[in-house]
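Topology and contacts: notes
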Amino acid sequence: DVSNNSEKGDLTFFTRNGSDFLERLRITSTGSIKQTSGSDIRHVVKSFGPAFLGHNSHADLTVDAGQGGGTVTVHSFRTSNNNLSKTSIFGFQLRGTGTASIGSEIYGQTGSSGNASFTVAAIAQGIRFTNEAGASVKYAVTFDLTGDL
C-alpha cells in the first residue's frame, strides 16, 4: 500500500552471472546514483540543486555515511547577473559519520563578468556551502565518490 507514502522508490538494475543475480546500478529515492561491481566498492553520484541562497547564508549538503573519496563540484551564479558565476572542484574524502575532509580547489572557473564568491567547508558527511557573493545566488553541488559507500 503506497497511499500512506511509506514505500521507498529505489530503481534497481541487476545482471545475471550463471545462477547469480547481481545488483549493478541503483537510483535511490533521494536521487543518488550507486554503481557497483558486485563487491562492497561502489561509485556514487549525488547532486543537489539548483537552489537559491541569500547573501551570507549557508546550506549543508551531505551524502550517506561510508568510506570513500572523489570530488565535489560547486557551481554558483548571482541571480541578478548570471555572468557573475563561479565553478570549483575540490578533492573530497568521506569518513564514515565523522567530519569529511575537503582539499584545496583543483579546478576553478569564473564567469565572463567575474565571480560569485562562496566558501566551502567540511562537515559531517558533506560540505557547508556559504554564499559570499554580495547578493542572492542560484547554486548546484555534485558529489562524485568511489569507495565503501
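Residues numbered from 1 in each chain as written. Predicted model: local features only at pLDDT ≥ 70, side-chain atom pairs only at ≥ 80, totals over all residues. Heavy atoms only, no water.

Description of the pairing of strand 10 (residues 126-131)
- Of all 6 residues in strand 10, 5 are buried, a share of seventy percent or more.
- Relative to strand 10, strand 5 (residues 58-62) runs antiparallel, the two sharing 5 bridges. From the neighbouring strand, Leu61 faces strand 10, where its bridge partner is Ile127.
- Where strand 9 (residues 118-123) meets strand 10, 6 bridges bridge the pair, whose relative direction is antiparallel. Paired with Thr119 across the strands is Thr130, a residue of strand 10.
- Counting the residues between successive antiparallel strands, the hairpin from strand 9 to strand 10 contains 2 residues, one of them, Gln125, with a positive phi of roughly 65 degrees. (Buried < 20%, exposed > 50% of the residue type's maximum accessible area, 1.4 Å probe, protein only. Helix = DSSP H or I, 4+ residues; strand = E, 2+ residues; numbered from the N terminus. Pairing = 2+ DSSP bridges.)

Here we look at a nonpolar patch on the surface
- A surface patch of nonpolar side chains, about 320 Å² in accessible area, is lined by Leu11, Phe13, Ile27 and Ile33.
- Tracing the backbone shows Leu11 in strand 1 (residues 11-17). (Patch = residues over 30% accessible without salt bridge, like charges linked within 9 Å, V, L, I, M, F, W, Y side chains within 5 Å. Areas by Shrake-Rupley, 256 points an atom, 1.4 Å probe, with all protein chains shown as cover. Salt bridge = Lys/Arg side-chain N within 4 Å of Asp/Glu carboxyl O.)

Overview of the pattern of salt bridges
- Enumeration over the complete set of coordinates arrives at 1 salt bridge.
- For the salt bridge of Arg128 with Asp60, the shortest nitrogen-to-oxygen distance reads 2.7 Å. Residue Arg128 is found in strand 10, and its partner Asp60 is found in strand 5; the two are separated by 68 residues along the sequence.

Re the packing of aromatic side chains
- Tallied over the entire structure, the rule returns 4 aromatic pairs.
- Ring geometry for Phe48 versus Phe143: centroids 6.1 Å apart, planes at 80 degrees, classification edge-to-face. Residue Phe48 is found in strand 4 (residues 41-53), and its partner Phe143 is found in strand 11 (residues 137-148); the two are separated by 95 residues along the sequence.
- Seen in terms of ring centroids, Phe129 and Tyr139 are 4.8 Å apart; in terms of plane orientation they differ by 25 degrees. Their pairing is stacked. Remark: Tyr139 occurs in strand 11 and Phe129 occurs in strand 10; sequence separation between them is 10 residues.
- Residue Tyr139 is classed as buried on the basis of its relative accessible area, which comes to 7%.
- Feature note: the residues Phe48, Phe92 and Phe143 constitute an aromatic cluster, connected by ring pairs. (Phe/Tyr/Trp six-rings, centres within 6.5 Å; stacked < 30°, edge-to-face > 60°.)

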